[in-house]
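Commentary on secondary and tertiary structure
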Amino acid sequence: MELWFSEPHTKNVKLSIKVEKQLYSEQSKYQRIDIFQTTEFGKVLTLDGYLMLTEKDEFIYHEMITHVPMAVHPHVKKVLVIGAGDGGTIRELIRYPYIEHIDMVEIDEMVVDACKEYLPQTAAGITDPRVHIFYTDGLKFVRTQHEAYDLIIVDSTDPFGPGEGLFTREFYGNCFKALKEDGILINQHESPFYSEDAKSMQRAHRNIAASFPIAWVYQFHMPTYPSGHWFFGFASKKYHPIDDFDEERWKNANISTKYYNAKLHKGAFYIPNYVKELLADA
Amino acid sequence: MKKLSQADTPLHAALEDHKLERMAHFDVPGHKGGRGNKELKYFLGEDTLKIDVNSMKPLDNLCHPVSVIKDAQQLAAEAFGAKEAFFIVNGTTAAVQAMIMATCKAGDKVIMPRNVHRSAINALVVCGAIPVYVNPGTNKKLGIPLGMTLADVKHAMEKHPDAKAIMVNNPTYYGICSDLKQIVSLAHANGMKVLVDEAHGTHFYFGENMPISAMAAGADMAAVSMHKTGGSLTQSSLLLCGQEVNTDYVRQIINLTQTTSGSYLLMVSLDLARKNLSLNGKEMFRKTVAFAEYAREEINKLGGYYAFSKELEDGDAVYAFDTTKLSIHTRDIGLAGIEVYDLLRDDYSIQIEFGDIGNILAIVSAGDRNLEIERLISALSEIKRLYSKDPTGMFDHEYINPQVVMPPQKAFYANKISKEIYKSEGYICGEFVMCYPPGIPILAPGELITKEILNYIAYAKEKGCVLTGTQDMEIAHIQVVSDKM
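Residues numbered from 1 in each chain as written. Chains lettered and ligands numbered in written order. Predicted model: local features only at pLDDT ≥ 70, side-chain atom pairs only at ≥ 80, totals over all residues.

A few points about the nonpolar core
All names here are of chain B. With 156 residues, the main nonpolar core has Ile100, Ile166, Leu238, Leu239 and Leu240 as its most contacted residues. The element that contributes the greatest number of residues to this core is helix H11 (residues 264-302), accounting for 14 residues. Setting aside residues up to four positions removed in sequence, leucine 240 forms contacts with Phe80, Ala82, Ala85, Ala214, Met215, Met221, Ala222 and Val224. (Core = buried A, V, L, I, M, F, W, Y, C linked by C-beta atoms within 7 Å. Buried ≥ 20, exposed ≤ 12 C-beta atoms within 10 Å, placed from the backbone. Helix = DSSP H or I, 4+ residues; strand = E, 2+ residues; numbered from the N terminus. Contact = placed C-beta atoms within 7 Å.)

Dropping the structure here:
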């Protein structure tokens, strides 16, 4: 018997991963949640049939979404993480002892519960005493915050489904308002390769650039995401992602990483020409 | 034959049967199930084009219904508590016009609030009836027209005892209702018919704790825009008739102007929407009200905006407020409603129903999700943060009492000349000028053009309102009756 998980990356392209067995399958109020045991990628989490993470490559995503802003902003004390129900981003953040407070806003409690049970590799850190979880809509939560955070990380799913509101101009504008005067916003910024993803990337960039004076994107390589070429957004009120990158401070923090390093930090912001054009046309 | 229930959809069932028939068509429409227009078939879907058919024996005929359309209309009548219901496929405009034309002849008077939809005044142009306007009054702070007070209605009836009918908005675009039940008693005591524009009131028939519906209040006729809050396709509508109405005459009147090629897509959407409302309406509108109430509460917390509701009720000009309507006053953040409307669409990809000088209106329905409601609230929060300014000097008054100096039909068909709009003061208007939406005329044929009205038009233009109605597409010139007053 062969059991495969398949995800269409476009109407004409799909990725299939051979499944050993299905560990979990539930329908929450918001989405269908599945966790598979696979041979190649370890455990795999999918939401509404879209692959969210695999145990094999999640380190790339979670290191890049966290350490890039942490190596720029000199004194992050209070962080807001939106989405991130799998806990991977939290796991990286709690490695910084000087972070005092992390608010995590996830709309779907069932995702967190499922990950706690089946994906301790990412979810174990959620119980850290600095982490405060709010099960509510991210857009609603951020609307009520004023100059409260040093760093906001939007670890969202896709610009359709429950995460839709996290790609809108009103959301990024409210994030701007929720950040302190030197705050940084990092967001999941989609991919430039396939045309539908590229449109989402353009729209996100347009909406962020409308709210933030500094709006850059940086790339990372995610084997299980469509095309493998994926981006985060770096939006900031004050700090420049390369000029204000403090290499010494990062090295002294003594955090071991599998993907991220100081040279790659800078390199990630040097993007291909077709992506530059795409963003210029956004 | 078994007795039909609200769970049945006779027209829908007949079309389902028709799809399976594999009939050879040598009748119109010429696209023949889409084979003759492949791009259209691809765009709308083959199933849609297969039921875009002409009337035929098993599918009945809208002009003279004897089988499945008749049954579907009967079920609709039952659902709405009417003696008879007519499927209307020319928009609620056609239903409003049928009400007036079935009640008034040339020279007859009809009492109506001035904030009626243009379709009502259009009907006067067509049939030659004469309007007796009741000033709906204005909420000064919000700048919105209200309902009619009983005292004003009484006064109009005493002054014009020969009026044939009174027309009532139930509710207005903004969700405001007059005391319909009392108006019905007054009108019937004076031998007048009551015609109700319920373009925005479909839900009154199915929701709980809603303002009273026209049929429940004993009105004679009501035009119900099923497509607005009832879930049918755009342009489909119902004309409801009460017990005392000669419905065979009404059918003749409808057939004077309605198409003889009634769209089955529109008609079947009425049939299915009626079933859905009958079976699920309570829950649908409970959800709608919950969304609207939540949004009001959150928007009012933002400060600056005023999402108004039942607190406006005063037992008279605002006899009842329809809580499904999400109307928001924007003037206190220094922005005209139309400016907020434009920002929402252009910058935030949020399309709302309309913006006028001082307010915006968002239509909320059971089809919404929390997500969209949160987006709207957050975008309003951002608009306030980024664009709010000092509101002094903004226009704060919308209702201008019109001076009707000539019957609309006479003015419309009079010898006319074209004048530059800002040089037309003192002339009698020969056409319509309105903001669309909401489509309520600023000027109608037969009304005196005054300085005040011209100022209002200039302000609405400056703020970006879409003005319509005149022959001149630029609204720079206006047709006036040649003889100045």
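We are not done yet, so read on.
Things to note about helix H6 (residues 169-178) of chain A
When you tally the buried positions in H6 of chain A, you get 9 out of 10 residues, the bulk of the element. All buried positions along H6 of chain A are accounted for by Arg169, Glu170, Phe171, Tyr172, Gly173, Asn174, Cys175, Phe176 and Ala178 of chain A.

Considerations on the packing of helix H1 (residues 10-20) of chain B against helix H4 (residues 68-80) of chain B
Residues and elements named next belong to chain B. Close contact between H1 and H4 brings their axes to 7 Å; oriented N to C, the two are set at 145°. On H4, the residues that touch Pro10, Leu11 and Ala14 of H1 are Val68, Ile69, Asp71 and Ala72. Across the contact of H1 with H4, the residue classes break down as 6 nonpolar, no polar and 1 charged. (Axes fitted to C-alpha atoms, helices over the stretch in contact; angles between N-to-C directions. Nonpolar A, V, L, I, M, F, W, Y, C, P; charged D, E, K, R; others polar.)

Topic: the interface of chain A and chain B
Between chain A and chain B, the residue contacts involve 13 residues of the former and 12 residues of the latter. Where the side of chain A that touches chain B is concerned, the elements lending two or more residues are helix H5 (138-143) and H6 of chain A. For the side of chain A that touches chain B, the leading source of residues is H6 of chain A, giving 6 residues. Here the side of chain A that touches chain B is built from residues that sort into 2 nonpolar, 4 polar and 7 charged.

Considering the domain arrangement of chain A
All names here are of chain A. Examined at the domain level, chain A breaks down into domain 1 (3-54) and domain 2 (58-280). Centre-to-centre separation of domain 1 and domain 2, based on C-alpha positions: 23 Å. The partner domain 2 presents 21 residues to the 21 residues of domain 1 that form the contact. Of all elements in the fold, only strand S2 (14-27), strand S3 (32-38), strand S4 (42-47) and strand S5 (50-54) reach the threshold of two or more residues within the side of domain 1 that touches domain 2. If one sorts the elements of the side of domain 1 that touches domain 2 by residue count, S5 sits on top with 5 residues. Each residue belonging to the side of domain 1 that touches domain 2 can be placed in one class, and the counts come to 13 nonpolar, 5 polar and 3 charged. (Domains from an automatic or database assignment.)

Focus on the sheet that holds strand S2 (residues 109-113) of chain B
Residues and elements named next belong to chain B. Within the open sheet, the 7 strands sit side by side as S1-S10-S9-S8-S6-S2-S3. Their pairing is mixed. Looking at strand neighbours, the two that pair on one side only are strand S1 (84-88) and strand S3 (130-134), the edges of this open sheet. Each adjacent strand pair in this sheet contributes to an overall mean axis angle of 20°, direction not counted. Looking at chain direction, strand S8 (residues 193-198) and strand S9 (residues 221-224) are connected through 4 bridges and run parallel. Across the sheet, the residue bridging to aspartate 197 is alanine 223, located in S9. (Pairing = 2+ DSSP bridges.)

Details of the sheet that holds strand S6 (residues 78-83) of chain A
Residue and element names in this part refer to chain A. One open sheet holds the 7 strands; their spatial order is S8-S7-S6-S9-S10-S12-S11, and the pairing between them is mixed. Looking at which strands have only one partner, the edges of the open sheet turn out to be strand S8 (131-134) and strand S11 (214-221). The average angle at which neighbouring strand axes cross in this sheet is 15°, direction not considered. Here 5 bridges tie strand S9 (residues 149-155) to strand S10 (residues 179-188), and the two strands are oriented parallel to one another. Across the sheet, residue isoleucine 152 finds its bridge partner in S10, namely leucine 185.

Quick notes on the packing of helix H12 (residues 337-348) of chain B against helix H13 (residues 370-387) of chain B
Residue and element names in this part refer to chain B. In the contact formed by H12 and H13, the axes pass within 11 Å of each other and the chain directions differ by 105°. Between H12 and H13, the interaxial angle falls into the category roughly perpendicular. Here Val340, Leu343, Leu344 and Tyr348 of H12 come into contact with H13, specifically with Ala379, Ile383 and Tyr387. Split into classes, the residues belonging to the contact of H12 with H13 amount to 7 nonpolar, no polar and no charged. (Parallel < 35°, antiparallel > 145°, perpendicular 65-115°, else oblique.)

Points about H4 of chain B
All names here are of chain B. Between the first and last C-alpha of H4 there are 18 Å, a value that for 13 residues agrees with the 18 Å anticipated at 1.5 Å per step. Within H4, the full set of buried residues consists of Val68, Ile69, Asp71, Ala72, Gln73, Leu75, Ala76, Ala77 and Phe80. As for H4, its buried residues are in contact with H1, S1, strand S10 (237-241) and H11. Glycine 81 sits one or two positions beyond H4 and adopts a positive phi of about 70°. (Expected span 1.5 Å × (residues − 1).)

Description of the environment of valine 481 of chain B
Residue and element names in this part refer to chain B. Relative to the helices and strands, valine 481 resides in strand S20 (residues 477-481). Since 21 C-beta atoms lie within 10 Å of it, valine 481 is described here as buried. Put simply, valine 481 and alanine 411 are 70 residues apart on the chain and 6.5 Å apart in space, counted from C-alpha to C-alpha. The residues contacting valine 481, other than those within four sequence positions of it, are Met406, Ala411, Ala414, Lys416, Tyr427, Ile428 and Gly430.

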